[in-house]
Amino acid sequence: MQGNNNNETQGWKSKLDGLESLSAEDFDLQTSWQKLENLRVKSPRKKKAAWYWLAAACLLAVISLPFFFNSGKNIEPMVKQAIPLKNIEQPVTNGNADTNNVIAVASSSEIKIISKSQAPSVVSAKKYEPVLQKDTILKEADPVVATILPTVTDTFQLMAAAPVKKKLKVVPYNELVGSTDSLTGDSRPYFPVKFRTKEIYTNNTGSGKDNIIRIKLSSQN
Amino acid sequence: MNIAELIIEAKRGSTAAEKCLFDLFARKMLMVCRRYVKNPEDAEERMLDGFHNFFKSIGTFTYQHDAALMAWLKKIMINQCLMFLRKKNVFTIVTESAAENISLDEDMLDRISATEIFQLIVQLPVGYRTVFNLYSIEGMPHAEIASLLNISEGTSKSQLSKAKALLQKMILNKEQGYARQQQQ
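Reading guide: rules and limits
Residues numbered from 1 in each chain as written. Chains lettered and ligands numbered in written order. Predicted model: local features only at pLDDT ≥ 70, side-chain atom pairs only at ≥ 80, totals over all residues. Heavy atoms only, no water. Helix = DSSP H or I, 4+ residues; strand = E, 2+ residues; numbered from the N terminus. Buried < 20%, exposed > 50% of the residue type's maximum accessible area, 1.4 Å probe, protein only. Contact = heavy atoms within 4.5 Å. Areas by Shrake-Rupley, 256 points an atom, 1.4 Å probe, with all protein chains shown as cover. Salt bridge = Lys/Arg side-chain N within 4 Å of Asp/Glu carboxyl O. Axes fitted to C-alpha atoms, helices over the stretch in contact; angles between N-to-C directions. Parallel < 35°, antiparallel > 145°, perpendicular 65-115°, else oblique. Left-handed = near helix turned anticlockwise from the far one by under 90°. Nonpolar A, V, L, I, M, F, W, Y, C, P; charged D, E, K, R; others polar. Core = buried A, V, L, I, M, F, W, Y, C linked by side-chain atoms within 4.5 Å. Patch = residues over 30% accessible without salt bridge, like charges linked within 9 Å, V, L, I, M, F, W, Y side chains within 5 Å. Phe/Tyr/Trp six-rings, centres within 6.5 Å; stacked < 30°, edge-to-face > 60°. pLDDT = per-residue confidence, 0-100.

**Some thoughts on the overall build of chain A**
(1) Moving on: If you tally the helices and strands in chain A, you get seven helices and five strands.
(2) Moving on: The N-to-C order of helical and strand elements in chain A reads α-α-α-β-β-α-α-α-α-β-β-β.
(3) Moving on: The proportion of buried residues among the 221 residues of chain A is 21%.
(4) Moving on: Pairs at least 24 apart in sequence give 42% of the contacts found in chain A among residues at least 6 apart.

**Thoughts on the overall build of chain B**
(1) Moving on: The secondary structure content of chain B amounts to nine helices and zero strands.
(2) Moving on: Taken from the N to the C terminus, the helices and strands of chain B come in the order α-α-α-α-α-α-α-α-α.
(3) Moving on: For chain B, long-range pairs separated by at least 24 residues make up 70% of all intrachain contacts whose partners lie at least 6 apart in sequence.
(4) Moving on: Accessible area for chain B stands at about 8900 Å²; split by element, carbon and sulfur atoms hold 49% of it.

**As for the pattern of salt bridges**
Residue and element names in this part refer to chain B.
(1) Moving on: Under the defined criterion, the tally for this structure stands at nine salt bridges over all chains.
(2) Moving on: Put simply, Arg35 and Glu138 hold a salt bridge, and the shortest N to O gap is 3.1 Å. Here Arg35, found in helix α2 (residues 15-36), pairs with Glu138, found in the loop between α7 (126-137) and α8 (142-149); they are 103 residues apart in sequence, far enough to count as distant. Across this residue pair, the class does not change: Arg35 and Glu138 are buried.
(3) Moving on: Salt-bridge contacts for Arg46 lead to Asp49; the nearest nitrogen and oxygen are separated by 3.2 Å.

**Focus: the packing of helix α1 (residues 3-11) of chain B against α2(B)**
Residues and elements named next belong to chain B.
(1) Moving on: Between α1 and α2, the shortest axis-to-axis distance is 8 Å and the interhelical angle comes to 135°. Viewed along their axes, α1 and α2 adopt a mutual orientation that is oblique. Judged by the twist between their axes, the crossing of α1 over α2 is left-handed. Where α1 abuts α2, its residues Ile3, Leu6, Ile7, Glu9 and Ala10 lie against Ala17, Glu18, Cys20, Leu21, Leu24 and Phe25.
(2) Moving on: Across the contact of α1 with α2, the residue classes break down as nine nonpolar, no polar and two charged.

**Let's talk about the nonpolar core**
When a protein is soluble and globular, its nonpolar side chains tend to lie buried together.
Residue and element names in this part refer to chain B.
(1) Moving on: Ranked by size, the top nonpolar core spans 60 residues in total, and within it Leu21, Phe22, Met47, Phe51 and Phe54 carry the most contacts.
(2) Moving on: Here the element with the most residues in this core is α2; it accounts for 11 residues.
(3) Moving on: Beyond its immediate sequence surroundings of up to four residues, Phe54 is in contact with Ile7, Leu21, Leu69, Trp72, Leu73 and Ile76.

**Some thoughts on a nonpolar patch on the surface**
Residue and element names in this part refer to chain A.
(1) Moving on: Among the surface-exposed residues, Leu59, Ile63 and Phe67 lie close enough to one another that they form a single nonpolar patch of about 350 Å² accessible area.
(2) Moving on: Structurally, Phe67 is set in helix α3 (residues 45-75).
(3) Moving on: Judged by relative accessible area, which is 60%, Phe67 ranks as exposed.

**Examining the environment of Met83(B)**
(1) Moving on: With respect to the helices and strands, the residue Met83(B) is situated in helix α4 (residues 66-87).
(2) Moving on: It is 9.8 Å that separates the C-alpha atoms of Met83(B) and Leu149(B), two residues lying 66 residues apart in sequence.

**What to know about the packing of aromatic side chains**
(1) Moving on: For the structure on display, the rule yields eight aromatic pairs over all chains.
(2) Moving on: On the basis of an interplanar angle of 55° and a centroid distance of 5.4 Å, the ring pair of Trp33(A) and Phe22(B) is categorised as tilted. Placement of the pair is Trp33(A) in helix α2 (residues 29-42) and Phe22(B) in helix α2, with the two residues belonging to separate chains. As far as burial versus exposure is concerned, Trp33(A) and Phe22(B) are alike and both buried.

**Digging into the packing of helix α3 (residues 40-56) of chain B against α4(B)**
Residues and elements named next belong to chain B.
(1) Moving on: Between α3 and α4, the shortest axis-to-axis distance is 9 Å and the interhelical angle comes to 125°. With respect to α4, the axis of α3 lies oblique. Seen along the crossing, α3 lies across α4 with a hand that is right-handed. In this structure, α3 uses Asp42, Arg46, Met47, Asp49, Gly50, Phe51, Asn53 and Phe54 to contact α4, whose residues at the interface are Leu69, Trp72, Leu73, Ile76, Met77, Gln80, Cys81 and Phe84.

**What about the environment of Thr15(B)?**
(1) Moving on: Relative to the assigned elements, Thr15(B) resides in helix α2.
(2) Moving on: Residue Thr15(B) is classed as partly exposed on the basis of its relative accessible area of 40%.
(3) Moving on: When the C-alpha positions of Thr15(B) and Phe55(B) are compared, they lie 9.9 Å apart, and in sequence the two are 40 residues distant.
(4) Moving on: Apart from the residues lying within four places of it in its own chain, the contact partners of Thr15(B) are Trp33(A) and Glu37(A).

**Observations regarding the confidence of the model for chain B**
(1) Moving on: Per-residue confidence for chain B averages 84 on the pLDDT scale, and 89% of its residues sit at or above 70.
(2) Moving on: The complex prediction reports pTM at 0.52, with the ipTM value standing at 0.79.

**A look at unusual backbone geometry**
(1) Moving on: Of note in this structure, Asn150(B) is not a glycine but carries a positive phi near 60°.
(2) Moving on: Relative to the assigned elements, Asn150(B) resides in the loop between α8 and α9 (153-183).

**Quick notes on the confidence of the model for chain A**
Note: predicted coordinates in regions of low pLDDT should not be interpreted at a detailed level.
All names here are of chain A.
(1) Moving on: The predicted model of chain A has a mean per-residue pLDDT of 62, with 22% of residues at 70 or higher.
(2) Moving on: Here strand β2 (residues 111-112) stands out as the least confident element of chain A, with mean pLDDT 50; α2 is the most confident, with 86.
(3) Moving on: Predicted confidence for residues 107-111 stays below pLDDT 50, and this span has nine contacts to residues more than four positions away or in other chains.
(4) Moving on: Segment residues 115-125: pLDDT under 50, and 27 contacts once partners within four positions in sequence are set aside and those in other chains are kept.

Right, dumping it as structure tokens:
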């Protein structure tokens with residue numbers, strides 16, 4: 001069947017391939033080329049360009065939308081909350097330790113994690129003096145106002161009144177024992193410390209020189 | 001300048017090269033279109049559309065030899081014609097069972113000229129003509145023809161056998177006419 005088809009095809013093909021034009025017809029190549037030229041001029045090159053421009057405009061709009069919406073939010077006044085100074089218990093530190101870079105302080109029996117959402121806390125051995133003196137408030141205020149004003153005894157009371165945003169869990173030291181550093185072989189346990197939005201793991205109590213801080217990179221942060 | 005160089009120049013966007021290619025192949029391609037589309041104006045439009053597509057996609061074509069270029073051009077033209085016929089909804093071919101295979105007499109083909117064969121093919125009804133062209137001239141199998149024309153293989157075979165029978169009859173009539181003319 002296929003062979004038969006091939007024979008037939010060859011016969012018809014060979015007959016018709018040589019045929020370029022019918023003798024009765026006159027086909028004008030020049031006119032036909034002119035028609036083709038007109039067809040090509042009409043072809044939507046400009047339309048294509050228009051589509052590209054439209055696509056570019058859409059892309060630009062999509063990119064600029066978030067900026068547009070965010071710009072409205074920026075107009076709102078930012079109320080910056082004062083970072084409350086907590087009454088920090090006097091940390092128990094080892095002798096000459098540099099306490100300026102310490103984020104968490106471990107006491108002998110338990111670790112108390114101190115963190116603030118606004119800025120990294122720096123624990124120092126300094127004692128904070130009360131910002132406002134009781135006497136100055138009373139002196140500068142009107143007698144009427146003075147009666148209304150609450151009496152500020154010291155900074156400690158002010159700080160206690162400030163709302164605590166986030167309560168962090170106090171983990172007993174014993175619960176952290178068991179995890180050792182695979183790299184250094186350090187048996188001191190790592191404990192998580194919240195630093196801004198990152199979760200930092202450290203086993204540093206501020207006593208040694210080799211301060212290792214590990215940062216956990218997670219999608220949640 | 002040979003065809004390979006013309007193709008390279010046309011790829012670069014040379015209108016002169018495109019014109020040369022058009023001059024070389026336009027007549028042949030018009031005849032291909034005429035085999036499928038009876039109306040000469042429609043056939044010329046299909047040929048022009050075909051060349052338009054050819055020049056648009058010439059960047060993707062890798063020239064190997066003249067035959068490959070011819071085959072590619074022919075394919076473009078045939079596709080244009082089939083699209084046109086489909087749009088005109090002329091393929092109202094009734095599903096038929098496969099007919100018996102009729103083979104045309106080889107001597108019969110030798111006795112008539114190419115122009116006469118062409119004119120006979122053009123006279124065939126559109127369904128017969130298309131299937132005959134695709135099978136007997138382009139060498140496509142029935143399965144491919146069926147998928148192209150959205151018909152069954154059986155219908156394609158039936159259309160072909162009917163086309164052949166009709167062609168045979170037309171050729172015989174033509175020969176008898178010649179014989180009568182000679183007797184007179």
